[in-house]
Amino acid sequence: MEVILAKKAGFCFGVKRAVDMAYAEAEKNIETPDADRIPVYTYGPIIHNEEVTGDLERKGVRCVNDLDELVNMPPSVVIIRSHGIGRKEYEQLKEAGHRIVDATCPFVGNIHRIVRESSEKGDVIIIVGDPGHAEVEGIRDWCAVKPFIIQTEEEISSLPDFEGKQITVVSQTTFHLKKFEKIVVLLKEKYYNNIRVCQTICNATEERQTETREIASRVDAMIVIGGKHSSNTQKLADISRQACENTYYIQTLDDLDLTAFESVRRVGITAGASTPSNIIKEVHDSMSEENFEQMLQEETPVSIHPGQIVEGRVIEVKPDEIVVNINYKSDGIVTASEYSNSPVDLTEVVKVDDAITAKVLKVNDGDGQVLLSVKKVKAEKAYDALEESFNNGSTVKGVVTQAMSGGLSVSVDECRVFIPASLVSDTYEKNLEKYVGQEVEFIITEFNPHKRRVIGNRKQLVAAQKKAAAEALFSRIEVGQTVEGTVKNVTDFGAFIDLGGADGLLHISEMSWGRVENPKKIFKVGDMVKCFIKSIDGEKIALSLKFDDQNPWLSAAEKYAIGTVVTGRVARMTDFGAFIVLEPGIDALLHVSQISSEHVEKPSDVLKTGETITAKVVDFKGPEKKISLSIKALLKDVEADEEPAVEEEAESVASAGEEESETIAVPEEVAEAVEEAADAE
């Protein structure tokens with residue numbers, strides 16, 4: 001087995017300095033006569049490592065986490081850890097008469113100076129980091145004004161505009177560099193030139209993270225050593241998992257299951273800034289080929305060994321555990337987590353006397369029983385099937401178990417396949433959460449058995465399926481054909497209709513014989529629409545709802561004959577007249593000269609949009625779809641009806657012998673207005 005140890009593993013400058021100062025105080029106190037000796041405390045653990053803090057306590061250096069407890073103690077030695085503390089806390093400790101040994105990391109101290117000076121001159125302070133971390137809490141207290149603390153890109157949207165104030169941005173020294181850079185980009189987009197970014201991530205942290213990422217990308221397994229409460233070690237483990245799925249996060253060698261490395265050819269080791277070198281050395285030495293084999297042999301009986309596949313029969317079932325008879329001196333145990341990667345109640349899937357095939361993880365789990373794994377057996381078979389699919393290009397089905405920012409995690413018989421977001425579909429998918437719990441089909445485009453890295457591609461299948469559906473659709477449709485589809489998207493200019501293979505555009509002008517102001521008031525995504533194909537141009541399909549048999553102009557000549565009195569709504573106005581909607585699809589022009597018997601300067605002086613008016617049809621041109629109205633003519637008719645009967649008789653005599661025309665003469669100005677309206681249309 002090849003073992004690669006990170007050069008930057010272990011104590012960083014700031015941590016080593018703090019630990020050395022703590023041990024120096026411990027030794028100084030031991031050498032001091034009992035009569036002159038005063039207690040030595042650290043305000044919080046000097047580092048997040050139980051081995052170191054335990055050793056210091058044995059040497060007389062006790063950890064106290066509560067400030068009030070320290071303040072109320074008799075004068076003592078108080079060591080400030082590398083994370084640093086707030087200004088008020090520092091002052092309280094001094095006022096209590098304690099001798100302060102300041103082991104604050106110089107890099108952290110620099111951040112204290114930056115936020116103090118910047119905030120005192122009026123800058124807004126943004127701290128990028130974990131608001132619950134001791135270092136961030138200390139930085140916050142050095143600000144003259146209340147700072148803003150964020151640790152995710154999503155939190156940026158909740159930040160105020162700051163009204164043009166200068167903004168200073170700092171970060172927790174152990175913050176993830178790539179995440180910080182992404183956050184900075186978004187902050188600059190929001191605040192433009194009003195932002196000053198201070199790169200306060202510790203160089204050692206940056207180098208350690210970069211080295212971890214590089215090593216993890218070329219090994220079969222990765223070991224990350226450090227305290228469980230160490231922020232920088234947790235980040236190293238996260239970075240490692242992104243490049244190497246088989247990442248093991250441990251505190252000491254006792255936490256390491258050596259059987260998991262039995263078939264590993266290359267292993268990488270790194271450690272957090274709070275990990276002592278002796279622990280790193282112990283883990284490194286144990287992974288050397290000679291020591292590794294020896295340690296395995298010490299815990300492996302002759303008849304059974306880790307990694308062995310055994311057959312057994314279930315003798316007891318509990319919700320979280322199966323007891324299996326494997327014909328060995330001890331029974332085998334399969335926990336729920338080793339039965340499946342998915343949450344499961346074992347009593348619902350397994351019963352007594354069922355046959356079980358499992359892999360031995362540990363010969364002795366600490367209670368004298370053999371620890372077994374069913375999911376690893378399933379996973380190995382599944383990996384073989386996935387490799388075969390990769391080689392022959394066949395499709396694979398799996399259930400999506402998790403949606404991440406970078407893509408989907410899919411379970412295929414206890415194997416994890418990752419489908420990057422860019423390969424989920426042939427179009428951008430904004431919401432990947434909708435796939436969780438769904439069974440999806442894909443092909444394998446990358447298979448690395450050593451790293452257990454399997455990449456799926458659903459995009460190719462989706463594109464192929466859409467292409468086949470589109471070809472089938474275009475082969476059966478033609479212009480004039482009535483089709484039915486689902487509204488896929490609605491825009492200001494129209495709606496896109498999914499016809500089952502291709503989308504057709506229902507333009508706003510084709511949605512009704514009348515005028516449509518806003519398509520979104522008529523359609524919503526998911527609506528079923530029956531329309532007809534107006535045209536096909538290559539892959540573009542134009543749709544229409546203006547069916548010929550529903551054309552209102554078919555009966556317009558009869559309904560709007562010259563002389564007919566009609567009622568309509570004022571739709572829009574120009575300087576030369578108002579357009580009146582008589583019914584959806586039929587507009588008429590009421591010229592400004594025909595609005596009243598009196599002179600009207602412009603229609604808006606006497607009419608309002610949306611107002612209902614009554615007028616008389618004075619001209620109808622069906623082929624040109626033009627109708628002219630006149631309120632003036634209607635008023636004249638009313639006046640004529642009120643004249644004495646004598647005048648009516650005189651008019652009758654004057655027209656004797658002549659055939660009275662039913663066509664009302666169109667005023668000359670109305671005829672001109674019709675032409676103007678035609679030009680305006």
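The rules behind the values
- The numbering scheme is per chain: residues are counted from 1 as the chain's sequence reads.
- The predicted origin of the model limits local features to residues at a pLDDT of at least 70 and limits the giving and counting of side-chain atom pairs to 80 or more, whereas totals for whole chains, interfaces and linings rest on all residues.
- Hydrogen atoms and water are omitted, and side-chain values are computed over all heavy atoms in the structure.
- Axes, fitted as lines to C-alpha atoms, cover a helix only where it is in contact. Angles between the N-to-C directions of the axes lie from 0 to 180 degrees.
- Secondary structure elements are taken from DSSP: a helix is a run of H or I of four residues or more, a strand is a run of E of two residues or more, and numbering for both begins at the N terminus.
- Each angle is binned into one of four classes, with values under 35 degrees roughly parallel, values over 145 roughly antiparallel, values of 65 to 115 roughly perpendicular, and all other values oblique.
- Whether a crossing is left-handed or right-handed is set by the direction in which the near helix is turned from the far one by less than a right angle, anticlockwise for left-handed and clockwise for right-handed.
- When checking whether two residues touch, look at their non-hydrogen atoms; a contact exists if any pair is within 4.5 Å.
- Here the term charged refers only to Asp, Glu, Lys and Arg, the term nonpolar to Ala, Val, Leu, Ile, Met, Phe, Trp, Tyr, Cys and Pro, and the term polar to all other amino acids, Gly among them.
- We call a residue buried when its accessible area falls under 20% of the maximum for its residue type, exposed when it is over 50%, and partly exposed in between, using a 1.4 Å probe and counting protein chains only.
- A pair of strands is labelled paired if DSSP reports no fewer than 2 bridges between them.
- Each helix should span, by expectation, one fewer than its residue count multiplied by 1.5 Å.
- Each patch is built from residues lacking any salt bridge and having more than 30% relative accessible area; the joining distance is 9 Å for like charges and 5 Å for nonpolar side chains (Val, Leu, Ile, Met, Phe, Trp, Tyr).
- Here the open area of atoms and residues is found with the Shrake-Rupley method and a 1.4 Å probe, where only the protein chains shown may cover a residue.
- By convention in these notes, a salt bridge is any Lys or Arg side-chain nitrogen within 4 Å of a carboxyl oxygen on Asp or Glu.
- Counted charges follow a simple rule, with Lys and Arg positive, Asp and Glu negative, and His plus the chain ends left uncounted.
- Every charge is mapped onto a representative atom, which is NZ of Lys, CZ of Arg, CG of Asp or CD of Glu.
- In protein, a polar contact means a hydrogen-donor-capable atom and an acceptor-capable atom, both N or O and within 3.5 Å, with residues adjacent in sequence counting only if both atoms are side-chain atoms; elsewhere, any N or O pair within 3.5 Å suffices.
- In this description, a disulfide is simply a cysteine sulfur pair whose atoms lie within 2.5 Å.

Caption draft 1: A look at the packing of helix α8 (residues 203-216) against helix α9 (residues 231-243). Running from N to C, α8 and α9 point in directions that differ by 30 degrees, and their axes come no closer than 8 Å. Taken together, α8 and α9 sit at an angle that is classed as roughly parallel. As for the relative orientation of α8 and α9, their crossing is right-handed in sense. Taken together, the residues of α9 that come into contact with α8 (itself represented by Arg208, Gln209, Thr212, Arg213 and Ala216) are Lys235, Leu236, Ile239, Ser240 and Ala243. Within the contact of α8 with α9, the residues separate by chemical class into four nonpolar, three polar and three charged.

Caption draft 2: Representation of the pairing of strand β29 (residues 577-583) within the structure. Counting buried positions along β29 yields seven of seven residues, so the element is predominantly enclosed. In this structure, strand β28 (residues 565-573) lies alongside β29, joined through four bridges in antiparallel fashion. Bridge pairing in β29 links Arg572 to Phe579. Across six bridges, the pairing between β29 and strand β30 (residues 586-591) is antiparallel. Each residue of the ladder has a partner; that of Val581, found in β30, is Asp587. Between β29 and the antiparallel strand that follows it, β30, lie two residues; Gly585 among them carries a positive phi value of about 100 degrees.

Caption draft 3: Quick peek at helix α5 (residues 106-120). In this model, α5 (15 residues) spans 21 Å end to end at C-alpha, consistent with the 21 Å of a helix rising 1.5 Å per residue. Where the residues of α5 are buried, they touch β6 (124-128), α6 (134-141), β8 (167-171) and β9 (195-197). Looking one or two residues past α5, Gly122 carries a phi angle of roughly 105 degrees, positive in sign.

Caption draft 4: Spotlight on a negative patch on the surface. On the surface, Glu50, Glu51, Asp254, Asp255 and Glu282 cluster together to form a negatively charged patch. A residue is classified by how much of its surface remains accessible, and Asp255, at 44% relative accessible area, is partly exposed.

Caption draft 5: Representation of the environment of Ser286. On the secondary structure map, Ser286 appears in helix α10 (residues 277-286). Placed 188 residues apart in sequence, Ser286 and Phe474 show a C-alpha to C-alpha distance of 67 Å.

Caption draft 6: Representation of the sheet that holds strand β7 (residues 148-150). One open sheet holds the four strands; their spatial order is β7-β6-β8-β9, and the pairing between them is parallel. A single partner strand is all that each edge strand has here, and the edge strands are β7 and β9. Taken over all neighbouring pairs, the strand axes of this sheet differ in orientation by 25 degrees on average, direction set aside. Summarising the sheet, β6 and β7 pair through three bridges and their orientation is parallel. Paired with Ile126 across the strands is Phe148, a residue of β7. Set on the sheet, α5 makes contact with β6, β8 and β9; between it and β8 the angle comes to about 165 degrees. Contacting β6, β7 and β8, α6 runs over the sheet at an angle of about 175 degrees to β6.

Caption draft 7: Just the side chain of Lys632, in detail. Mapped onto the elements of the fold, Lys632 is located in helix α17 (residues 631-641). With a relative accessible area of 17%, Lys632 lands in the buried category. From its side chain, Lys632 meets the backbone oxygen of Ser593 in a polar contact 2.9 Å long.

Caption draft 8: Representation of the state of the cysteines. By the definition in use, this model includes zero disulfides. As a non-bridged cysteine, Cys105 has Cys202 as the owner of its nearest cysteine sulfur, 5.8 Å distant. Between Cys244, a cysteine without a disulfide, and Cys415, which holds the nearest cysteine sulfur, the sulfur-to-sulfur distance is 16 Å.

Caption draft 9: Highlighting the pattern of salt bridges. Tallied over the full model, the rule gives 25 salt bridges. Of the charged contacts in the structure, one is a salt bridge between Arg58 and Asp55, with a shortest N-O distance of 3.7 Å. Remark: Asp55 and Arg58 occur in helix α2 (residues 50-58); sequence separation between them is three residues, near one turn of the helix. Taking the relative accessible area as the measure of exposure, Arg58 reaches 64% and is therefore exposed. Exposure remark for Asp55: the relative accessible area of 24% places this residue in the partly exposed category.

Note that all results are geometric; they support no functional claim without further evidence.
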